[in-house]
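Listed here are the chains, written in short residue letters.
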Amino acid sequence: MMVTAREVKDRVIAALNDHDLEAAMRCFARDAVYVGPVGAAEGHEQIGWYFEHLLQAFPDLQLTPWCKVPVFDPAVSAVSEYVMTGTHLGPLLLPGGSALEATGHRIAVRAAGLCTIENGLIISDRDYYDQLELFSQLGLCLPEAVA
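Just so you know, these numbers come straight off a predicted model, no measurement behind them.

### Here we look at the nonpolar core
Piece 1. Judged by nonpolar contacts, the single largest core of 41 residues is most densely connected at Phe28, Ile47, Phe51, Phe58, Met84 and Leu134.
Piece 2. At the level of secondary structure, the elements contributing two or more residues to this core comprise α1 (5–17), α2 (21–25), β1 (28–36), α3 (43–57), β4 (77–87), β7 (106–118), β8 (121–129) and α4 (131–137).
Piece 3. Beyond its immediate sequence surroundings of up to four residues, Leu134 is in contact with Phe58, Leu92, Ile107, Val109 and Tyr129.

In structure tokens:
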């Protein structure tokens, strides 16, 4: 029986919700690419580092899918819309390389993602969320615009 992209993506979401990094990584091909708002991660080592960092920053992280979009070829691709929730209790890497220390703030950030599989493993996973929405919930402000 052939596994669908939806089944694989659901496994990743379940593993991240269980904070089981090893189970999440078993869903990715060794040379997979993960792209998110903070940049691209290539291969198991980089993708694993990204998820590990996210789970350290938000140790109660939960991804709650609210829409699983039908796609043309479900054997190849899956699209999800979800809400990412958690409490910021560890350092969060910011653009430019600095880190935001724990704020204790709760977040609820809307997101969407698209994954593509080959031979039952994710080869490409792209997640999108509004970084401004995340940063404002953590209490960060953009510098004032110069008139």
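Let's pick the thread back up.
### Topic: empty space enclosed by the protein
Piece 1. All chains considered together, the criterion is met by one cavity of 30 Å³ or more.
Piece 2. Volume-wise, the largest cavity comes out at about 110 Å³.
Piece 3. Around the largest cavity, the lining comprises 15 residues; the ones closest to its centre are Tyr34, Leu54, Leu63, Tyr82 and Asp127.
Piece 4. Listing elements by their share of the lining of the largest cavity, those giving two or more residues are α1, α3, β4 and β8.
Piece 5. With four residues, α1 is the single largest residue contributor to the lining of the largest cavity.

### What about the packing of aromatic side chains?
Piece 1. Applying the stated rule across the entire model yields four aromatic pairs.
Piece 2. Taken together through their ring pairs, the aromatic side chains of Phe28, Tyr34, Tyr50 and Phe51 make up a single cluster.

### Considering the pairing of β4
Piece 1. Across the eleven residues of β4, eight count as buried, placing the element largely inside the fold.
Piece 2. As paired strands, strand β3 (residues 62–69) and β4 are joined by seven bridges and run antiparallel to one another. Within β4, the residue paired with Cys67 across the bridge is Glu81.
Piece 3. The pairing of β4 with β7 spans eleven bridges and is classified as antiparallel. Each residue of the ladder has a partner; that of Ser77, found in β7, is Thr116.

### Structural notes on the sheet that holds β7
Piece 1. Sheet architecture is open: six strands sit in the order β2-β1-β8-β7-β4-β3, paired in mixed fashion. One side of each edge strand has no neighbouring strand; the edge strands of this open sheet are β2 (39–42) and β3. Strand-to-strand, the axes of this sheet are offset by a mean angle of 20°, without reference to chain direction.
Piece 2. Across the sheet, α3 is in contact with β1, β2, β4 and β8; its angle to β1 comes to roughly 50°.

### What about the layout of surface pockets?
Piece 1. Put simply, the largest pocket is a space of about 320 Å³.
Piece 2. In terms of lining, the largest pocket is formed by 19 residues, of which the most central are Val38, Gly39, Trp49, Tyr50 and Leu93.
Piece 3. Looking at the lining of the largest pocket, the elements with two or more residues in it are β2, α3, β5 (92–93) and α4.
Piece 4. With five residues, the single largest contributor to the lining of the largest pocket is α3.
Piece 5. Here the residues of the lining of the largest pocket sort into 15 nonpolar, four polar and no charged.

Reading the values: rules and limits
- Residues numbered from 1 in each chain as written.
- Predicted model: local features only at pLDDT ≥ 70, side-chain atom pairs only at ≥ 80, totals over all residues.
- Heavy atoms only, no water.
- Core = buried A, V, L, I, M, F, W, Y, C linked by side-chain atoms within 4.5 Å.
- Buried < 20%, exposed > 50% of the residue type's maximum accessible area, 1.4 Å probe, protein only.
- Helix = DSSP H or I, 4+ residues; strand = E, 2+ residues; numbered from the N terminus.
- Contact = heavy atoms within 4.5 Å.
- 1 Å grid on protein atoms, 1.4 Å probe; cavity = no way out; pocket = protein on both sides within 12 Å on 5 of 7 lines; lining within 4 Å.
- Points joined across faces, edges and corners; volume = space filled by probe spheres on them.
- Phe/Tyr/Trp six-rings, centres within 6.5 Å; stacked < 30°, edge-to-face > 60°.
- Pairing = 2+ DSSP bridges.
- Axes fitted to C-alpha atoms, helices over the stretch in contact; angles between N-to-C directions.
- Nonpolar A, V, L, I, M, F, W, Y, C, P; charged D, E, K, R; others polar.

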